[in-house]
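This is what each chain is made of:
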Amino acid sequence: MPTRRPAAALALAAGLVVIAGGTAGLLLTRHPTPAMRPVAAGVAALPAPTGPIVAPPQSAAPTPVAAPVSLTIPLIGVQTQLITLGLTSTGALQVPSTTSVAGWYTGSPRPGAIGPAIIVGHIDSLTGPGVFYRLSELKAGDRVYVKRADGTLAEFRVTSVQTYLKDQFPTEDVYGPVPDPELRLITCGGAFDAATGHYLSNIVVYATEVG
Amino acid sequence: MLLAASALLLGIPAAATAYASSATMGTGWIRLAHLSPNTPAVDVYLYSFGNSNAMIVLHHVAYGTVSPYESVQAGDYSVAMRAAGASATSQPVLSTSVTVSAGHAYTVAGMGPESGLRLQILDDELTAPPGQALVRVIQASLKEQVVKVTLGSTVLADGLKFASVSSYQAVSPGAMTVTVSSSGGTVNSSVTLAAGTVHTLVVLDGASGLEVVSLEDASGMGEPPLGGVSTGFGGTAPHGPGSPVPWLAAIGAGSLLALTGGLRLRRNRQLHAGV
């Protein structure tokens, strides 16, 4: 049946191509992929934002603080609008629905008011870095800026950067009361559990308003 | 010697992983206040104990001034008051020592009349009961030596004498009227106390009559979140090798296809040969 010959030849050729592709795929994916490496610190450094810096409130004459609208961390190239976040039905912090913006928990003090203001952002998406991808690179003394709805700027100094296993998250340290204007920047970190699709740890940056 | 060296080596990573918060980071807070009505303005110095270089100097602190809290390492400090503008090396009018514990806050206040001025150390509370606010009163009026202070319908202090401090009371959060009554009359002012905050109400001698200043000492949040956050999808995490099953399946399917095609070709050839 000569008419069947091209079809048979085609099947043979296609079969060989699929074998070649499958073999190549098998060989190429036998190696683990390393974590994406952050670019060198400072490369993407942004200029510090400008705006009137309002001194921390003298407790004798507390001034109302406007709501936060954006966050800038020049050293790690973060410049993002701040969305507002609440709590989930289980009482945990909501997280931004996109990985490219950070959010402020409206149940926490406004940045610059007395107490710990909570800001949360993603470390990554399914495919690449999120807004707080380089958060763990911050060190004590680095500066963080929050712009507020009235155009004023609050400047914070990083005091500590910590990594906690999520099942040992120190709620009191992170969310507990303080007598000065402070900031907590929170994202994920540590090992990634591919089985559950979650990181095992949280990274928390502690910062205090510069007086 | 070897043992000591290995202990040192072992000790380093342990120390590096110690975790934060003011308590565990070993810091506390201190603030300075001038609450003596007839004492002129002063310069207030804060020294780390035994160090003659002041950590903080507040110049020209007048009656009624309360500084913001300063975060300091836990340890011993001394506070000195000098007349405003006096040399930093001159003999202080008053001095006292204060021990700061990690995670705790203190107010060091000049209190009393000028003739009996003293530096008083107050332990400041940071934590309000869940869903409530915490309030206390400092009575710093010399004109009215005894006052009664109410917040809404809650009596915060009754018969509170000059230069004394009431204990803390938990109250429901909200906007309320503070009433200070004394032999000289009654003064009202309004305050708003949020859940999770701690306040100090200071009764002061004003230009005419009494004044009440509301200090927000500390704030947590009315509803602290539970636990950490889930803020990553793993797109930048290191990944192990993927499953080989799809590739093996492809190789198998390809082999089957190639085999079928090859057999057909061979049969065709045999058919042709047979004609």
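Residues numbered from 1 in each chain as written. Chains lettered and ligands numbered in written order. Predicted model: local features only at pLDDT ≥ 70, side-chain atom pairs only at ≥ 80, totals over all residues.

**Student:** Hey, could you go over the overall build of chain A for me, with residue numbers and the actual values?
**Tutor:** Along chain A, the regular secondary structure elements total two helices and eight strands. Counting from the amino terminus, helix and strand elements in chain A follow one another as α-β-β-β-β-β-β-α-β-β. Split into buried and exposed, the 211 residues of chain A put 40% on the buried side. Sequence separation of 24 or more characterises 60% of the internal contacts of chain A that already satisfy a separation of 6 or more. (Helix = DSSP H or I, 4+ residues; strand = E, 2+ residues; numbered from the N terminus. Buried ≥ 20, exposed ≤ 12 C-beta atoms within 10 Å, placed from the backbone. Contact = placed C-beta atoms within 7 Å.)

**Student:** Can you tell me about the domain arrangement of chain A, naming the residues and giving the values?
**Tutor:** Considered domain by domain, chain A is made up of domain 1 (1-30) and domain 2 (68-209). Between domain 1 of chain A and domain 2 of chain A, the C-alpha centre-to-centre distance is 52 Å. (Domains from an automatic or database assignment.)

**Student:** Just give me the short version of the sheet that holds strand S3 (residues 56-61) of chain B, but keep the residues and values in it.
**Tutor:** Residue and element names in this part refer to chain B. On the basis of which strands lie adjacent, the open sheet formed by four strands has the order S3-S2-S6-S7 and antiparallel pairing. Bordering the open sheet on either side are S3 and strand S7 (94-100), each of which pairs with just one other strand. Taken over all neighbouring pairs, the strand axes of this sheet differ in orientation by 20° on average, direction set aside. Judged from the seven bridges that link them, strand S2 (residues 42-48) and strand S6 (residues 75-83) form a sheet pairing that is antiparallel. Bridged to Leu46 within S6 is Val79. (Pairing = 2+ DSSP bridges. Axes fitted to C-alpha atoms, helices over the stretch in contact; angles between N-to-C directions.)

**Student:** Quick one: what's the story with the interface of chain A and chain B, residue by residue and with numbers?
**Tutor:** The interface is formed by 79 residues belonging to chain A together with 64 residues belonging to chain B. Elements that contribute at least two residues to the side of chain A that touches chain B include exactly helix H1 (5-28), strand S4 (115-120), strand S6 (153-165), helix H2 (171-175), strand S7 (181-193) and strand S8 (198-209) of chain A. Here the side of chain A that touches chain B gets 15 residues from one element, more than from any other, and that element is H1(A). Taken together, the residues of the side of chain A that touches chain B break down into 42 nonpolar, 30 polar and seven charged. (Nonpolar A, V, L, I, M, F, W, Y, C, P; charged D, E, K, R; others polar.)

**Student:** Which residues make up the pairing of strand S8 (residues 105-111) of chain B, and what values go with them?
**Tutor:** Residues and elements named next belong to chain B. Counting buried residues in S8 gives seven out of seven residues, a clear majority hidden from the surface. With burial as the criterion, each face of S8 is covered, one bearing Ala105, Thr107, Ala109 and Met111 and the other bearing Tyr106, Val108 and Gly110. Pairing analysis gives seven bridges linking strand S1 (residues 27-35) to S8, with the strands arranged parallel. Of the residues in S8, the one forming a bridge with Leu35 is Met111. The sheet contact formed by S8 and strand S9 (residues 118-124) spans seven bridges and is antiparallel. In the sheet register, Tyr106 faces S9, and the bridge partner there is Asp123. The turn linking S8 back onto S9 is made up of six residues, and Gly112 within it adopts a positive phi angle of 95°.

**Student:** I'd like a rundown of the sheet that holds strand S2 (residues 78-85) of chain A, residues and numbers included.
**Tutor:** All names here are of chain A. Reading around the circumference, S1-S2-S3-S4-S7-S8-S6-S5 is the order of the eight strands in this closed barrel, with mixed pairing throughout. Recorded for the sheet is a direction-independent mean angle of 35° between the axes of neighbouring strands. Here four bridges tie strand S1 (residues 68-73) to strand S5 (residues 143-148), and the two strands are oriented antiparallel to one another. What sits directly across from Leu71, in S5, is Val146.

**Student:** So, the domain arrangement of chain B: which residues are in play, and what are the values?
**Tutor:** Residues and elements named next belong to chain B. When cut into domains, chain B gives domain 1 (23-124) and domain 2 (127-222). Distance from the C-alpha centre of domain 1 to the C-alpha centre of domain 2: 23 Å. Each partner contributes to the interface: domain 1 provides eleven residues, whereas domain 2 provides 13 residues. Of all the secondary-structure elements, those providing two or more residues to the side of domain 1 that touches domain 2 are S8 and S9.

**Student:** Would you mind going over the confidence of the model for chain B in detail, with residue names and values included?
**Tutor:** Residues and elements named next belong to chain B. Per-residue confidence for chain B gives a mean pLDDT of 87, with 88% of residues at or over 70. Across residues 1-20, confidence stays below pLDDT 50; counting only partners more than four residues off in sequence or on other chains, it has ten contacts. For this predicted complex, the interface confidence comes out at an ipTM of 0.78, alongside a pTM of 0.78. (pLDDT = per-residue confidence, 0-100.)

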